[in-house]
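# Reading the structure
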Amino acid sequence: MDVAGAGATPATHAPSPAPVRGGGLLHVALVGNPNTGKSTLFNALTGMRQRVGNYSGVTVERVEGRYRDADGHPVAVLDLPGTYSLSASSPDEEIALSVLLGRARGVAQPDVVVVVADAQNLERNLFLASQVLELGLPTVIALNQVDAALNAGIRVDPIELTLELGAPVVATVATKGEGLELLKRAVGKAAGLPAAGRQFELEPEAARAVAPLEACLVRGGLNPGAAAMEALRLLAVTQIGPHLAHVEGLAAAVEAAKAEVEAAGIPARSLEAEARYGWIAGVVERTATQTHTGKKTLTDRIDAVALHRVWGPLVFVALMALVFQSIFTWAAPLMDRVEALFNALGAGVGSVLPAGDLRSLVVDGVIGGVGSVLVFLPQIVILFLFIGILEDTGYMARAAFIMDRFMRSVGLHGRSFIPLLSGYACAVPGVMSTRTIESPKDRLATIMVLPLMSCSARIPIYTLLIGAFIPPVAVAGIFNLQGMTLLAMYLLGTLTALAMAAVFKQTLLKGRARPMIMELPPYRIPSVRSLAMSVGHRASMFLRKAGTVILSLTIVLWALATYPKSHAAPGTPPAAAQEQQLAHSLLGRMGHAIEPAVRPLGYDWKIGVGIVSSFAAREVFVATMGTIYGVGSADETTPALRDRLKRERNERTGLPVYTPLVAVGLMVFYVYAMMCMSTIAVVVRETGGGRKGLAWAGFQFAYMLALAYGAAFLVYRGGLALGFH
Amino acid sequence: MSGEMLQTLLAGLVVLAALVYVGRRAWRTVLAGRAAKDGDGCGGDCGCGH
């Protein structure tokens, strides 16, 4: 469908007034309900690669990008977190409202607001639009996903809607780039147009009751439109919000207005919702038509199985099993090639450089250490490809729905699921996305358990140990033990996160469970471009981390493993001399000092050093092992790290250091241990910063370490007692 | 200067550069913990994709 002409609006045909621009730059803010395609529109306008997903809550921060309009003028676009209203009851809604009111630190008040509204859910989307229209800012409505609306039998007339709202409406299909040029023109012209303001009237009694409150807000510096919007909003909320903290006498004015509204027989809490939805119902009736086909859509038919009380969870577990099995079966040939590449590189460099410290640094340190992490790139790519497919098709929203039952049973808010889900990729964005959770206690409980979700940094450790010590035998005919072991590690982390959340909600962070209201988007075919962008982005981040943090730490570890040098007695076999040198090095001495603490878990000093070094980032464990076994090896070739682990013998007992039991215990340790400086820093900040933030992050680090040590101890000792080895 | 000593010197310089980088990263991580709530969090190169 060509929508370019569908949204012809009075505004776009009006003479072009001089836009209001601060320093030549037009500031535009994008707001909208979650999952309206707002971030897709942002990417399409700015050419940026902001993360998008077919479920709500993907954008939790404000993100800025730029484009040039048809006249070459620069336009700065701010993508605000998705929000159903401006009620400022959660941190992300508070961000959106404070930016729109020009009260956000370091952010200019927008010259134009673009409200992205989903044409399929016009009624709900117009609630936010009606609030924004009252703020006194020039506003454009991007009526997005009109193609999907037409498929669902919904036809919205943009011209009629423009007349109803008093603001230009442009039909768009952001995923296909349709309607964007018209939207850009409408934005450029809207900057010089008067604001729409409120398009409905309150009952006379209600209007009289809120008038003093509006006057109080105007005295506090708000424009009359924004004051009218805030006055209605304040009747429905329990907290005033920090952006209005400067308004004198506001609390008393709110209480007085509530009392007067109630005295007039109108429930104060529902006044705003009733007034807005009453007006919206008329607007929708006059501007939209819906053809009821009566037939079940494909989404309905899929959901009959995917959301079924019994089949739903089974489908979910089967899908996850398939994902984890594919990580092994599909990645194996690719991994072998990357491994062969690094082996050849090591051998090549080794043959060019003469023997000496620099050669050892490059071959044993850099190639042996960083190379042993980089071989896991195929696994990372495959995992994110699957996550991307599940997100883009809309299945992740169903997974959230299925998980909601479990979330509520442990006392967590359903909204906690999306941050926990983000934790599978990385805990840092997961912790940040808890901003969508309204209740501070629920938010804190979610942050406290989020790093228990297995992030992608654990994949190199899991796959190294599973590949080396878990045999690839078939399970139930279709699955294999390696994939099932990986799935078990993810399930262990997830179930423990839920159990710990239940503990926190019963003790430190007591509070009732709240129900989740979540929109289930229709299923879509994933966009190849979006998938390629998302996977490419993750792969480049992994490579960047390997090339910066991991590389630097590996070089430092190589130095610690190399100096001071020892001189072996003449006639000492090369392998023994290398082992002697490693034990004499700073790293060896540190390792032997650590060893008593890790010996009860079945680990030797080398694993102890790997654990300590991975406090900076989990993947460093693999790099450390690569470096230690590189430096400590007299072997001129560079066999795969997993082969080196299999060959490693305990210097005292002569028995293998790594057994399947030690490997499982080590994986369990990494399921629980909080080994990530970036996550700790973000937890400090998101739990209040300063001493309070440090206390929460310290508590989290300590309980997770205790959990990791205790669980690894139980696995190893329990396994030995049961006759495993 | 012998070839072996030259190699040791070069390796030392690389290690020094790595130490400076690790120290700078650690300091930035501490600062990120102190930063205002609407900041970026991880500093962009922690590998998280944000």
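Residues numbered from 1 in each chain as written. Chains lettered and ligands numbered in written order. Predicted model: local features only at pLDDT ≥ 70, side-chain atom pairs only at ≥ 80, totals over all residues.

### A look at the overall build of chain A
Along the backbone of chain A there are 31 helices and ten strands. Taking 725 residues into account, the globule formula puts the C-alpha radius of gyration at 27 Å, and chain A, at 30 Å, falls close to it. Evaluated residue by residue, chain A yields a buried proportion of 51% over its 725 residues. The long-range share in chain A, meaning contacts at least 24 apart out of those at least 6 apart in sequence, stands at 74%. (Helix = DSSP H or I, 4+ residues; strand = E, 2+ residues; numbered from the N terminus. Rg over C-alpha atoms; globule rule 2.2 N^0.38 Å. Buried ≥ 20, exposed ≤ 12 C-beta atoms within 10 Å, placed from the backbone. Contact = placed C-beta atoms within 7 Å.)

### Structural notes on the overall build of chain B
What chain B contains, in helices and strands, is one helix and zero strands. For chain B, the proportion of its 50 residues judged to be buried stands at 30%.

### Overview of helix 21 (residues 459–469) of chain A
Quick reminder: α-helices carry 3.6 residues per turn. Residues three or four places apart thus point the same way. In terms of burial, helix 21 of chain A is a largely internal element, ten of the eleven residues being buried. Buried residues along helix 21 of chain A sit in contact with helix 15 (357–374), helix 16 (377–393), helix 22 (481–506), helix 27 (620–631), helix 28 (641–647) and helix 29 (660–672) of chain A.

### Points about the environment of Thr40(A)
Residues and elements named next belong to chain A. One can find Thr40 in helix 2 (residues 38–46). Of the residues examined, Thr40 has 24 C-beta atoms within 10 Å and is grouped as buried. Each C-alpha atom of the pair Thr40 and Ser530 lies 9.3 Å from the other, and the pair is 490 residues apart in sequence.

### Topic: the domain arrangement of chain A
Residues and elements named next belong to chain A. You can read the domains of chain A as domain 1 (10–190) and domain 2 (204–290). Going through the elements one at a time, helix 3 (91–100), helix 4 (122–133), strand 6 (154–156) and helix 6 (158–165) are the ones with two or more residues in the side of domain 1 that touches domain 2. A per-element tally of the side of domain 1 that touches domain 2 places helix 4 first, with six residues. Class assignment of the residues belonging to the side of domain 1 that touches domain 2 gives a composition of eleven nonpolar, seven polar and eight charged. (Domains from an automatic or database assignment. Nonpolar A, V, L, I, M, F, W, Y, C, P; charged D, E, K, R; others polar.)

### Examining the nonpolar core
Ranked by internal contacts, the top residues of the largest apolar core, which has 132 residues, are Leu465(A), Ile550(A), Ile555(A), Leu666(A) and Met667(A). Ranked by residues supplied to this core, first place goes to helix 23 (residues 528–562) of chain A with 14 residues. Residue contacts for Ile555(A): discarding those within four places in its chain leaves Leu361(A), Gly365(A), Val366(A), Val14(B), Val15(B) and Ala18(B). Leu86(A), Ala149(A), Leu222(A) and Met229(A) belong to the second-largest nonpolar core, a separate cluster that totals 86 residues. (Core = buried A, V, L, I, M, F, W, Y, C linked by C-beta atoms within 7 Å.)

### Describing the environment of Pro660(A)
Residue and element names in this part refer to chain A. Looking at the secondary structure, you find Pro660 in helix 29. Separated by 194 residues in sequence, Pro660 and Ile466 have C-alpha atoms that sit 8.6 Å apart. Ignoring anything within four residues of it in the chain, the contact list for Pro660 reads Phe469 and Ile470.

### Re the pairing of strand 4 (residues 112–118) of chain A
Moving residue by residue along a regular strand, the side chains alternate between the two faces of the sheet. The buried fraction of strand 4 of chain A is high, at seven of seven residues. Neither face of strand 4 of chain A is left uncovered, since the one carrying Val112(A), Val114(A), Val116(A) and Asp118(A) and the one carrying Val113(A), Val115(A) and Ala117(A) both have all their residues buried.

### Observations regarding the sheet that holds strand 1 (residues 26–32) of chain A
Residues and elements named next belong to chain A. Spatial strand order, 2-3-1-4-5-7: six strands in an open sheet with mixed pairing. Of all strands in the sheet, those with a lone pairing partner are strand 2 (63–68) and strand 7 (169–172), marking the two edges. Ignoring which end each strand starts from, the neighbouring axes of this sheet average 25 degrees apart. Pairing analysis gives four bridges linking strand 5 (residues 139–144) to strand 7, with the strands arranged parallel. Its bridge partner being in strand 7, Leu143 is matched across the sheet by Ala171. Along the sheet, helix 4 contacts strand 1, strand 4 and strand 5; its crossing angle with strand 4, the most-contacted strand, is approximately 170 degrees. (Pairing = 2+ DSSP bridges. Axes fitted to C-alpha atoms, helices over the stretch in contact; angles between N-to-C directions.)

### Details of the confidence of the model for chain A
Residue and element names in this part refer to chain A. Mean pLDDT over chain A works out to 85, with 92% of the residues at or above the 70 mark. No element of chain A has a lower mean pLDDT than helix 1 (residues 10–13), at 31, and none a higher one than helix 29, at 96. With pLDDT under 50 throughout, residues 1–22 is counted as low confidence; its partners more than four residues away or in other chains account for 56 contacts. (pLDDT = per-residue confidence, 0-100.)

### A look at the packing of helix 29 of chain A against helix 31 (residues 690–721) of chain A
Residue and element names in this part refer to chain A. Running from N to C, helix 29 and helix 31 cross one another at 165 degrees; their axes reach a closest spacing of 8 Å. Taken together, the axis directions place helix 29 and helix 31 in an arrangement best described as roughly antiparallel. Helix 29 and helix 31 meet at a crossing whose hand is right-handed. Here Leu661, Val662, Val664, Gly665, Leu666, Val668, Phe669 and Tyr672 of helix 29 lie close against helix 31, whose contacting residues are Met704, Leu707, Ala708, Ala711, Ala712, Val715, Tyr716, Gly719 and Leu720. For the contact of helix 29 with helix 31, the per-class residue count stands at 15 nonpolar, two polar and no charged. (Parallel < 35°, antiparallel > 145°, perpendicular 65-115°, else oblique. Left-handed = near helix turned anticlockwise from the far one by under 90°.)

### Description of the confidence of the model for chain B
Residue and element names in this part refer to chain B. Looking at chain B as a whole, its pLDDT mean stands at 73, while 60% of the residues score no less than 70. Scored below 50 in pLDDT, residues 36–50 makes 39 contacts in the model with residues more than four places away or belonging to other chains. In the predicted complex, the global pTM is 0.71; the interface-specific ipTM is 0.82.

### Some words on the packing of helix 16 of chain A against helix 23 of chain A
Residues and elements named next belong to chain A. With their axes 9 Å apart at the nearest point, helix 16 and helix 23 run at an angle of 145 degrees to one another. Note that helix 16 runs across helix 23; the crossing there is right-handed. In this structure, helix 16 contributes Leu377, Ile380, Val381, Phe384, Leu385, Gly388, Ile389 and Asp392 to the contact, and helix 23 contributes Ser530, Leu531, Ser534, Val535, Arg538, Ala539 and Phe542. Its residues placed into classes, the contact of helix 16 with helix 23 shows ten nonpolar, three polar and two charged.

### A look at helix 11 (residues 268–287) of chain A
An ideal rise of 1.5 Å per residue puts 28 Å on 20 residues; helix 11 of chain A measures up with 30 Å between its terminal C-alpha atoms. All buried positions along helix 11 of chain A are accounted for by Ala268(A), Leu271(A), Glu272(A), Arg276(A), Ile280(A), Val283(A) and Thr287(A). (Expected span 1.5 Å × (residues − 1).)

### Side note on unusual backbone geometry
Residue and element names in this part refer to chain A. The step from Tyr563 to Pro564 runs through a cis peptide bond, and the omega angle for that step is -10 degrees. The phi torsion at Gln145 lies on the positive side, around 60 degrees, for a residue other than glycine. Along the polypeptide, Gln145 turns up in the loop between strand 5 and helix 5 (146–151). Note on Gln145: 29 C-beta atoms within 10 Å, which makes it buried.

### A few points about the environment of Lys296(A)
Residue and element names in this part refer to chain A. Within the secondary structure, Lys296 is located in the loop between strand 8 (288–290) and helix 12 (298–306). A tally of 10 C-beta atoms within 10 Å means that Lys296 is categorised as exposed. Expressed as a C-alpha distance, the spacing of Lys296 and Phe669, which sit 373 residues apart in the sequence, is 48 Å.

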